[in-house]
Amino acid sequence: MIPFPDISPNVFSVTLFGHDFALRWYALAYMAGLLYGWWIILRAIRTPRLWADGPPLTPEQVERFFTWAVLGVILGGRIGYVIFYEPATFLAEPWRIPFVWEGGMSFHGGFAGVVLAGIWFCRREKIPMLSMGDLLAIAAPVGLGLGRLSNFVNAELWGRPTDLPWGVIFPGAAAQTCPQLVGACARHPSQLYQAALEGLLLLVVLTWLAFRRGWFKRPGALMGLFLAGYGVARFLVEFVRQPDAQFVSPGNPVGWAVQAGDYGLTMGQLLSLPMIAAGLWFILRARKQ
């Protein structure tokens with residue numbers, strides 16, 4: 001077992017006029033991910049050799065798009081969480097939906113928000129959608145990886161109980177409530193698994209294919225690989241990730257969102273299947289061009 005490190009969820013905090021204001025690692029991860037995305041996209045469009053017919057957009061268009069991307073991530077992430085994970089709670093108290101500081105963001109919702117913002121922006125600015133998707137694909141892994149590391153620092157979204165030597169003893173009554181176990185309860189650090197797969201691995205592979213193997217010249221291929229890669233990584237990690245509490249019941253201790261006998265799919269797996277299918281379709285489509 002590995003004791004949870006003594007890390008504050010806040011980068012720093014200050015008290016002004018009797019109120020505490022803090023910069024949390026999770027917020028910093030969002031900002032760093034967006035800044036990296038801006039930088040890598042600008043670098044890509046300023047490298048003409050990467051493109052068959054020239055860069056698909058200008059630096060000025062990148063700047064305008066990121067305003068909409070930020071809104072897409074925040075609104076989509078929050079609305080997705082409300083719809084996918086706690087609809088009953090927010091139907092009872094709808095005024096809490098904008099309270100993002102209370103926690104509760106969905107990657108799949110944030111992804112959908114960026115997709116909708118991208119489609120609208122591409123139509124407005126007459127930008128090829130597949131090439132824009134490829135640019136967003138190489139930009140996303142850093143934000144994903146940093147976000148998962150922030151989940152670990154916040155001691156949230158931990159995994160199922162494990163007796164493996166790298167199991168982490170997360171703090172809190174919820175993390176330490178493990179039936180049939182006596183003493184400390186170690187859990188899979190599933191946040192770190194996701195950071196490694198969705199963040200680091202996808203970053204290395206997509207960057208190499210984009211800048212060394214000429215995949216920008218096959219519109220849609222990088223986007224497809226990102227979709228399929230994220231979907232597979234999330235699907236696999238869900239086997240060791242603690243299920244969302246709202247899906248757990250005496251007859252469903254594993255926390256399946258859909259269940260057939262002893263088998264089922266978690267909500268994370270259910271939402272990842274369309275991403276895998278769409279990703280494979282885009283890759284196959286790009287190869288036929």
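Note that this is a predicted model, so its numbers are computed, not measured.

Asker: Now, about the side chain of threonine 162: what can you tell me, with residues and values included?
Answerer: Inspection of the secondary structure puts threonine 162 in the loop between α5 (129-153) and β4 (168-169). Residue threonine 162 is classed as buried on the basis of its relative accessible area, which comes to 15%. Excluding residues within four positions of it along the chain, threonine 162 makes contact with Gly167, Ala186, Arg187 and His188.

Asker: Now, about the packing of helix α6 (residues 190-212) against helix α7 (residues 221-237): what can you tell me, with residues and values included?
Answerer: In the contact formed by α6 and α7, the axes pass within 10 Å of each other and the chain directions differ by 160°. With respect to their mutual orientation, α6 and α7 come out roughly antiparallel. As α6 packs across α7, the resulting crossing turns out to be right-handed. Facing Ser190, Tyr193, Gln194, Leu197, Glu198, Leu202, Val205, Leu206, Leu209 and Ala210 of α6, the residues of α7 in contact are Leu222, Leu225, Phe226, Gly229, Tyr230, Ala233, Arg234 and Val237. For the contact of α6 with α7, the class distribution of residues is 13 nonpolar, 3 polar and 2 charged.

Asker: Explain the side chain of arginine 187 to me, using residue names and the numbers behind them.
Answerer: Looking at the secondary structure, you find arginine 187 in the loop between β4 and α6. According to the relative accessible area criterion, arginine 187 is buried, its value standing at 2%. At a separation of 2.7 Å, a polar atom in the side chain of arginine 187 contacts the main-chain carbonyl oxygen of alanine 175. Polar side-chain contacts of arginine 187 include one of 3.1 Å to the side chain of glutamine 242.

Asker: Report on the packing of aromatic side chains, specifying residues and quantitative values.
Answerer: Considering all chains together, one arrives at 13 aromatic pairs under this definition. Judged by centre distance (5.4 Å) and plane angle (45°), the ring pair of phenylalanine 4 and phenylalanine 152 falls under tilted. Of the two residues, phenylalanine 4 sits in the loop between β1 (2-3) and β2 (10-16) while phenylalanine 152 sits in helix α5, which places them 148 residues apart along the sequence. The same class applies to phenylalanine 4 as to phenylalanine 152, namely buried. Pairwise contacts between aromatic rings join Trp38, Phe65, Phe66 and Phe121 into one cluster. Above the ring of phenylalanine 211, the side-chain terminus of arginine 43 is found at 5.1 Å from the ring centroid.

Asker: Summarise unusual backbone geometry; cite the residues concerned and give the values.
Answerer: Positive phi, normally seen in glycine, also occurs at lysine 126, with a value near 60°. For lysine 126, a relative accessible area of 74% corresponds to the exposed category. Positioned with a positive phi, alanine 155 is a non-glycine residue whose angle comes to about 55°. With respect to the secondary-structure elements, alanine 155 resides in the loop between α5 and β4. Alanine 155 gets classed as buried once you look at its relative accessible area, which sits at 18%.

What counts as what
Residues numbered from 1 in each chain as written. Predicted model: local features only at pLDDT ≥ 70, side-chain atom pairs only at ≥ 80, totals over all residues. Heavy atoms only, no water. Helix = DSSP H or I, 4+ residues; strand = E, 2+ residues; numbered from the N terminus. Buried < 20%, exposed > 50% of the residue type's maximum accessible area, 1.4 Å probe, protein only. Contact = heavy atoms within 4.5 Å. Axes fitted to C-alpha atoms, helices over the stretch in contact; angles between N-to-C directions. Parallel < 35°, antiparallel > 145°, perpendicular 65-115°, else oblique. Left-handed = near helix turned anticlockwise from the far one by under 90°. Nonpolar A, V, L, I, M, F, W, Y, C, P; charged D, E, K, R; others polar. Polar contact = N/O pair within 3.5 Å; in protein donor to acceptor, adjacent residues only side chain to side chain. Phe/Tyr/Trp six-rings, centres within 6.5 Å; stacked < 30°, edge-to-face > 60°. Lys NZ or Arg CZ within 6 Å of the ring centre and 35° of its normal.

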